Amino acid sequence: QVQLVESGGGLVQPGGSLRVSCRSSSTIFGENTKAWYRQAPGEQRTLVASSDSSGQKKYADSVKDRFNIDRDDLDNTVTLQMTNMKPEDTAAYYCYVKNWDGSGTLRESWGQGTQVIVSS
């Protein structure tokens, strides 16, 4: 299981942009998925965007055309660039990695979360 550390959260005005980043403690080999989830107070944690090792990206309908997920496997990072942000984007954002270890066991790792607040 890898350690994930997020950074880049903060306060942004509606219509503004923010980027959150996540770095893993070790290189992840083989088939894997890196993703961002978010959780607002009193709500369930939901998928925002994912990027798998084949290059496929997926986005929640609410963030399509506004958010972009990128991964740099040489640098062990995954970033979420958020633009045209809305108050409903306010949440704690969590980095997530799913991969299979050398024995074929599924491993899932979560970061500690970074707070994003969209408010004027």
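Residues numbered from 1 in each chain as written. Predicted model: local features only at pLDDT ≥ 70, side-chain atom pairs only at ≥ 80, totals over all residues. Heavy atoms only, no water.

Chemist: Honestly, the pattern of salt bridges in this entry has me stumped. Any pointers?
Modeler: Pairing between side chains becomes possible if they bear opposite charge and their charged atoms approach one another. Under the counting rule described, the total for this entry stands at eight salt bridges. With a closest N to O distance of 2.8 Å, Arg66 and Asp89 form a salt bridge. In this pair, Arg66 sits in the loop between strand E6 (57–59) and strand E7 (67–72) while Asp89 sits in the loop between strand E8 (77–82) and strand E9 (91–100), placing the two residues 23 residues apart along the sequence. Asp89 shares its class with Arg66; the two are buried. Arg107 is the salt-bridge partner of Asp101, the closest N and O atoms lying 2.9 Å from each other. For Asp101, a relative accessible area of 23% translates into the label partly exposed. When salt bridges that share partners are traced, they join Lys34, Arg71 and Asp73 into one network. (Salt bridge = Lys/Arg side-chain N within 4 Å of Asp/Glu carboxyl O. Helix = DSSP H or I, 4+ residues; strand = E, 2+ residues; numbered from the N terminus. Buried < 20%, exposed > 50% of the residue type's maximum accessible area, 1.4 Å probe, protein only.)

Chemist: In this structure, what is going on with the packing of aromatic side chains? I would like to understand it.
Modeler: Any two aromatic rings considered together are summarised by their centre-to-centre distance and by the angle between their planes. Taken as a whole, this structure holds three aromatic pairs when the rule is applied. With a centroid separation of 5.5 Å and 70° between ring planes, the pair formed by Tyr37 and Tyr96 is classed as edge-to-face. Highlighted residues: Tyr37 in strand E4 (residues 32–39) and Tyr96 in strand E9, separated in sequence by 59 residues. As far as the burial class goes, Tyr37 and Tyr96 line up, both buried. With 5.0 Å between their ring centres and 65° between their planes, Tyr37 and Trp110 make a pair best called edge-to-face. Taken together, the residues Tyr37 in strand E4 and Trp110 in strand E10 (residues 106–110) connect sequence positions 73 residues apart. Accessibility expressed as a relative area gives 37% for Trp110, which makes it partly exposed. The aromatic ring of Tyr94 is capped on one face by Arg45, whose charged end is 3.6 Å from the ring centroid. Directly above the aromatic system of Trp110 lies the positively charged group of Arg45, at a separation of 4.7 Å from the ring centroid. (Phe/Tyr/Trp six-rings, centres within 6.5 Å; stacked < 30°, edge-to-face > 60°. Lys NZ or Arg CZ within 6 Å of the ring centre and 35° of its normal.)

Chemist: Quick question: what am I supposed to make of unusual backbone geometry here?
Modeler: The general pattern is negative phi for most residues beyond glycine and trans for most peptide bonds. We note that Asn76 has phi near 60°; this positive angle belongs to a residue other than glycine. For Asn76, the location among the structural elements is in the loop between E7 and E8. For Asn76, a relative accessible area of 14% corresponds to the buried category. Backbone geometry places Asn84, a non-glycine residue, at a positive phi of 45°. Mapped onto the secondary structure, Asn84 falls in the loop between E8 and E9.

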